[in-house]
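# Residue-level structural notes
Below, each chain spelled out in residue letters.
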Amino acid sequence: GENVEQHPSTLSVQEGDSAVIKCTYSDSASNYFPWYKQELGKRPQLIIDIRSNVGEKKDQRIAVTLNKTAKHFSLHITETQPEDSAVYFCAAGNFGNEKLTFGTGTRLTIIP
Amino acid sequence: SAVISQKPSRDICQRGTSLTIQCQVDSQVTMMFWYRQQPGQSLTLIATANQGSEATYESGFVIDKFPISRPNLTFSTLTVSNMSPEDSSIYLCSVTQNTGELFFGEGSRLTVL
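All of these numbers come straight from a predicted model, not from anything done at the bench.

### Digging into the pairing of strand β7 (residues 68–72) of chain B
Within a regular beta strand, the side chains point alternately toward one face of the sheet and then the other, so they alternate between its two faces. Residues and elements named next belong to chain B. Pairing of β7 with strand β8 (residues 75–80) involves three bridges; the strand directions are antiparallel. Bridge pairing in β8 links isoleucine 68 to leucine 78. Counting the residues that bridge the hairpin from β7 to β8 gives two residues.

Next up, the structure:
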């Protein structure tokens, strides 16, 4: 089955700086890579996703890049703000199948 | 996206008892899933809730421990049977719609004493 590794497990960033979280996956058949943000005591919220037919997708301050050859994808958050503090999970799966395998999570702390 | 309601939102249970969690969606959805999130951990898929038939369980999860029902396209239940402290977790209902994205309910936080 699919195996997703996520790094780092914790990340502290000065407000205004950029944050990068990286994930690798094992199953070359995976074609869908969403990212979820989970604030303390809340449900995971989908923040951005990418399918394997594109290499990069951007939505305001967040972007995701995908390298299918190397089987890794990354989340980039620019101009970080205190409200970006949360746990972020990457996931991999097949679009239309919807069974996702999640990474272990990254606790992002933005330092004011 | 669909509005997903879970009940109960939290509960404290005694060892050896069973608890049923309900998931209600405000519109028909393609797929419904149940995930478990142990304290400070990631999300692990328990099973796919199939409408009108038996759920499809992931490795490490069995029907006797986690019976699931899905009588229609908008409702599902997950029962955690014969609970032990190791079952203390957040249980999350999740759904997909035509767009393919996966959305989560608020979760049900279970504490087993």
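### A word on the side chain of Gln38(A)
Along the polypeptide, Gln38(A) turns up in strand β4 (residues 32–38). Residue class for Gln38(A) comes out buried when judged on its relative accessible area of 10%. There is a polar contact of 3.0 Å between the side chain of Gln38(A) and the backbone oxygen of Lys42(A). Gln38(A) has contacts with Arg43(A), Pro44(A), Ala86(A), Val87(A), Phe89(A) and Gln37(B), leaving out every residue within four places of it along the chain.

### Considerations on the packing of aromatic side chains
Residue and element names in this part refer to chain A. All told, the structure shown has 12 aromatic pairs over all chains when counted by the stated rule. Centre to centre, the rings of tyrosine 32 and phenylalanine 95 are 5.1 Å apart; their planes meet at 70°, and the pair counts as edge-to-face. Here tyrosine 32 is found in strand β4, whereas its partner phenylalanine 95 is found in the loop between β9 (86–93) and β10 (100–102), with 63 residues between them in sequence. Overall, tyrosine 32 belongs to the buried group, its relative accessible area being 2%. Phenylalanine 95 sits in the partly exposed class, given a relative accessible area of 25%.

### Considering the sheet that holds strand β3 (residues 19–25) of chain A
Residue and element names in this part refer to chain A. Across the sheet, five strands lie side by side as β1-β3-β8-β7-β6; this open sheet has antiparallel pairing. Where the open sheet ends on each side, the last strands, each with one partner, are β1 (4–7) and β6 (56–59). Going across the sheet, the axis of each strand differs from the next one's by a mean of 15°, ignoring polarity. Two elements, β3 and strand β8 (residues 72–77), share six bridges in a ladder whose sense is antiparallel. Note that in β8 the partner of threonine 24 across the bridge is histidine 72.

Conventions and cut-offs
Residues numbered from 1 in each chain as written. Chains lettered and ligands numbered in written order. Predicted model: local features only at pLDDT ≥ 70, side-chain atom pairs only at ≥ 80, totals over all residues. Heavy atoms only, no water. Pairing = 2+ DSSP bridges. Helix = DSSP H or I, 4+ residues; strand = E, 2+ residues; numbered from the N terminus. Buried < 20%, exposed > 50% of the residue type's maximum accessible area, 1.4 Å probe, protein only. Polar contact = N/O pair within 3.5 Å; in protein donor to acceptor, adjacent residues only side chain to side chain. Contact = heavy atoms within 4.5 Å. Phe/Tyr/Trp six-rings, centres within 6.5 Å; stacked < 30°, edge-to-face > 60°. Axes fitted to C-alpha atoms, helices over the stretch in contact; angles between N-to-C directions.

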